Amino acid sequence: IGGDISRTARRCHAGQIDIPTVFCVVRPKMSSLKPAPKMSPPIEKWVKHREDFHLRYRPTGKNVRDVVLWGVAFPVFVYYLTVYQQKEVDRLNGRPNTKYMG
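What you see is a predicted model, and the numbers here were worked out from it, not measured in a lab. (Residues numbered from 1 in each chain as written. Predicted model: local features only at pLDDT ≥ 70, side-chain atom pairs only at ≥ 80, totals over all residues. Heavy atoms only, no water.)

A. A look at the overall build of the chain. Scanning the chain for helices and strands turns up four helices and zero strands. Reading the secondary structure of the chain in the N-to-C direction produces α-α-α-α. Buried residues in the chain amount to 7% of all 102 residues. Total accessible area computed for the chain in this model is approximately 9900 Å², and 64% of it derives from carbon and sulfur atoms. (Helix = DSSP H or I, 4+ residues; strand = E, 2+ residues; numbered from the N terminus. Buried < 20%, exposed > 50% of the residue type's maximum accessible area, 1.4 Å probe, protein only. Areas by Shrake-Rupley, 256 points an atom, 1.4 Å probe, with all protein chains shown as cover.)

Pasting the structure below:
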């Protein structure tokens, strides 16, 4: 059946048979070979450097400081700020004090 459909579509596209164009199936031509992309040594070196970064990583003072600051201190600060704000709203609205974590 597949061969009949494609043969009919080719004949329709070539104008050999009279079928409304809605029923004509035109398939795009497939290219057999595409040229290989040009390789740029500096870009390839940079890509390799990024891929292997986890193998070369060494903790330094700056890295440890950033992890402690943004991974520990900042979330704790945001938590206590949120708890303070919630307790302040509770106090202003006359609600009893709510005990949160800690």
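Structure's up, so let's keep going.
B. Expanded view of helix H4 (residues 61-92). Its 32 residues give H4 an end-to-end C-alpha distance of 44 Å, which sits within 8% of 46 Å, the value for a rise of 1.5 Å per residue. Positive backbone phi, approximately 75°, marks glycine 94, located one or two places after H4. (Expected span 1.5 Å × (residues − 1).)

C. Structural detail: a nonpolar patch on the surface. On the surface, Leu69, Trp70, Phe74, Phe77, Val78, Leu81 and Tyr84 cluster together to form a nonpolar patch covering roughly 740 Å² of accessible area. By the secondary structure assignment, valine 78 is in helix H4. Exposure remark for valine 78: the relative accessible area of 36% places this residue in the partly exposed category. (Patch = residues over 30% accessible without salt bridge, like charges linked within 9 Å, V, L, I, M, F, W, Y side chains within 5 Å. Salt bridge = Lys/Arg side-chain N within 4 Å of Asp/Glu carboxyl O.)

D. Here's a closer look at the environment of threonine 98. Among the secondary structure elements, threonine 98 is positioned in the segment after H4. Taking relative accessible area as the criterion, threonine 98 reaches 35% and is therefore assigned partly exposed. A C-alpha to C-alpha distance of 9.6 Å links threonine 98 and valine 83, two positions 15 residues apart in sequence. Those residues in contact with threonine 98, other than ones at most four positions away along the chain, are Lys87 and Asp90. (Contact = heavy atoms within 4.5 Å.)

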